[in-house]
Amino acid sequence: MVERRTASAGDVKSSSKIVIKSGSSWRLVINSALKQINDSPFEELSRSAMDSHCHLDFILQKLPVVKRDKIETWQDFKKAIFKDKEDIQIGALITNFCDPRIWHIQSDVQPTLMEQLQYSSEVFYTIGCHPHWSDLFQESSFLQMQRLIEMDRLGKCVAIGECGLDFSHKNSIDVSTQKKVFKQQINLALSLKKPLVLHIRDAQAEAIEVLNELKVPSDYPVHRHCFTENWTSCSTWLKRFPNSAIGFTNLVTSGEQYLDNVLRKLTLDNIVLETDAPYFFPKGMYQKTAIPEQLKTTREKGMSHPWEVINVAAYIAAIKNLPLKSVLDANARNIERIYGIKR
């Protein structure tokens with residue numbers, strides 16, 4: 001079983017602990033989000049939803065072996081998660097293969113899941129090394145990354161990542177190793193002209209320094225994954241990379257004021273929606289939506305799933321006082337701009 005070196009809380013900026021708000025203002029936002037979800041046909045929402053960042057390989061590891069062994073297609077994957085419901089659609093999702101222990105199993109061979117999912121029109125993927133596993137990224141790993149990208153004959157590998165720097169207390173890998181591996185992946189992305197998916201925790205200044213050193217253009221397609229910092233950090237980042245997509249997960253549904261402030265100030269042109277599934281559940285709106293019951297069962301297995309990107313969209317729509325459709329449509333435009341994927 002794959003075990004991430006950080007729990008879901010590890011993806012949160014260490015100095016900013018997420019606490020669910022119990023105040024009336026938070027409840028009003030949640031109620032507004034719920035209303036927008038429940039007023040829309042779920043099939044329409046599902047087809048409009050795009051999850052810019054999840055981990056299907058980690059979801060797979062949470063499934064019982066008896067189900068895992070029956071998966072040969074994307075339809076099988078959906079049946080395994082949603083109690084045999086396979087007809088549910090999603091606009092698109094991007095699954096990140098960021099653990100070398102999964103994608104560097106055997107040279108010159110695609111991981112089974114990567115090979116199985118590439119034939120679905122809904123699924124795309126990235127390849128990279130998360131900073132929590134940068135000590136496992138050897139020269140052979142770098143060569144295997146290159147080989148896996150070359151094996152992609154269908155245009156399904158859309159970016160390098162997630163990669164970056166994590167100086168939080170959740171990561172014990174030394175700084176020099178993290179920077180070395182980060183630089184290797186940046187250089188690979190630049191040489192292949194592929195977008196970057198960045199994981200940055202308590203290390204924004206250092207990450208910008210590395211990106212400057214390698215002369216990454218200001219307009220380069222960058223997805224700043226799972227943003228959990230304040231507006232000062234966000235505006236500083238956007239001054240350097242104004243065309244970045246800033247990713248938000250269901251952590252926003254906790255109602256932290258500093259994150260709400262970022263969402264209010266940030267234009268839709270810079271926002272992408274993500275679940276980081278199997279991590280991060282929507283708060284306050286889990287059992288109160290018209291979403292089919294089959295899609296609510298995964299919490300019992302301790303995991304979220306890509307369709308919960310709808311909850312992220314609804315919360316942001318409520319915070320910004322916008323129609324849910326506007327947020328979903330902007331997300332689709334931004335994913336197409338960064339990744340070249342059309343809904």
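Coordinates for the structure precede this section.
Keep in mind the model is a prediction, meaning the values are calculated, not measured.

Asker: It is not clear to me how the packing of aromatic side chains should be interpreted in this structure. Could you clarify?
Answerer: Any pair of aromatic rings gets described here by the distance separating the centres and the angle formed by the planes. Tallied over the entire structure, the rule returns eleven aromatic pairs. Seen from their ring centres, Trp 103 and Phe 137 are 6.3 Å apart, and the 70 degrees between their planes marks the pair as edge-to-face. In this pair, Trp 103 is assigned in helix H6 (residues 100–103) and Phe 137 in the loop between strand S3 (123–127) and helix H8 (139–151), connecting sequence segments 34 residues apart. Where Phe 137 meets Phe 142, the ring centres are 6.4 Å apart and the plane angle is 80 degrees; that geometry is what we call edge-to-face.

Asker: Sorry if this is basic, but what is going on with helix H10 (residues 204–213) here?
Answerer: Quick reminder: α-helices carry 3.6 residues per turn. Residues three or four places apart thus point the same way. Within the span of H10, buried status applies to Gln 204, Ala 207, Ile 208, Val 210 and Leu 211. Down the axis of H10, the sector holding all buried residues measures 160 degrees, keeping them to one side. Positive backbone phi, at 60 degrees, marks Lys 215, one or two positions downstream of H10.

Asker: Teacher, can you tell me more about the pairing of strand S1 (residues 50–54) here?
Answerer: Two faces belong to every sheet, and in a regular strand the side chains alternate between them. Burial of S1 is extensive: five of the five residues sit out of reach of the surface. Where S1 meets strand S2 (residues 92–97), three bridges bridge the pair, whose relative direction is parallel. Bridging across to S2, Asp 51 finds its partner in Leu 93.

The rules we used
Residues numbered from 1 in each chain as written. Predicted model: local features only at pLDDT ≥ 70, side-chain atom pairs only at ≥ 80, totals over all residues. Heavy atoms only, no water. Phe/Tyr/Trp six-rings, centres within 6.5 Å; stacked < 30°, edge-to-face > 60°. Helix = DSSP H or I, 4+ residues; strand = E, 2+ residues; numbered from the N terminus. Buried < 20%, exposed > 50% of the residue type's maximum accessible area, 1.4 Å probe, protein only. Arc of directions from axis to C-beta. Pairing = 2+ DSSP bridges.

What is shown is where atoms sit, not what they do.
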